[in-house]
Every structure is written in structure tokens, then in C-alpha cells.
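Structural description and commentary
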Amino acid sequence: KASVQISLKLEENDQIFLQVKDNGAGLPDDFEKLGKFSLGLTLIKTLSRQINADIAVNGEQGTTYQFMFELEK
């Protein structure tokens, strides 16, 4: 059964931690090259630039995207 989990957490240093995780097939080793042709990866990269986020990606056992960005005051 397919699932997507989203979590959002405010860290002590006013950093926001956003994680989006699914249990799908994961990512191929050359997934970075797909960014030019993939709407999903283009949207993720655009979001991370817009919020000035550090991003980590794990494509094993599904796909997990983690964003860390500063809370705007």
C-alpha cells in the first residue's frame, strides 16, 4: 500500500525541519540528471531555492526529502 508521510518541526535554533517521505521504488543512482526532465524534481529544487533551504535526499527504501530552513520573523 502506497503512503506519503510529511513532518514539520521547529528546531531550537529557529530552524524549520520539513521531511517528505514515501514508500515507493526509490530513486535511480543518476536521478540528479533527471531533474532537467522531471517536473517533480524541478518543483523540489525550485522550492528549496525559494525558501533558501538545505536539502538532503535519500532514495533507498522509498524516497525521503529533508529540508532545513530558517524561520522568518
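This paragraph deals with the confidence of the model for the protein chain. Mean pLDDT for the protein chain: 88, with 95% of residues reaching 70 or above. Looking at the elements of the protein chain, mean pLDDT is at its lowest for helix H1 (residues 31-34), recorded as 68, and at its highest for strand S1 (residues 4-10), recorded as 97.

Moving on to the environment of Val20. Within the secondary structure, Val20 is located in strand S2 (residues 15-22). When the C-alpha atoms of Val20 and Gln61 are compared, they prove to be 13 Å apart, with 41 residues separating the residues in sequence. The residues touching Val20, leaving out its near neighbours within four places in the chain, are Val4, Gln5, Ile6, Thr63, Thr64 and Tyr65.

Counting across every chain of the model gives 1 salt bridge. Here Glu11 makes a salt bridge to Lys9, at a shortest N to O gap of 4.0 Å. Residue class for Glu11 comes out partly exposed when judged on its relative accessible area of 24%.

Okay, the environment of Gly59 next. Relative to the helices and strands, Gly59 resides in the loop between strand S3 (54-58) and strand S4 (63-70). Its relative accessible area of 25% is what places Gly59 among the partly exposed residues. As a C-alpha pair, Gly59 and Glu72 span 13 residues in sequence and 30 Å in three-dimensional space.

Rules behind the numbers
Residues numbered from 1 in each chain as written. Predicted model: local features only at pLDDT ≥ 70, side-chain atom pairs only at ≥ 80, totals over all residues. Heavy atoms only, no water. pLDDT = per-residue confidence, 0-100. Helix = DSSP H or I, 4+ residues; strand = E, 2+ residues; numbered from the N terminus. Contact = heavy atoms within 4.5 Å. Salt bridge = Lys/Arg side-chain N within 4 Å of Asp/Glu carboxyl O. Buried < 20%, exposed > 50% of the residue type's maximum accessible area, 1.4 Å probe, protein only.

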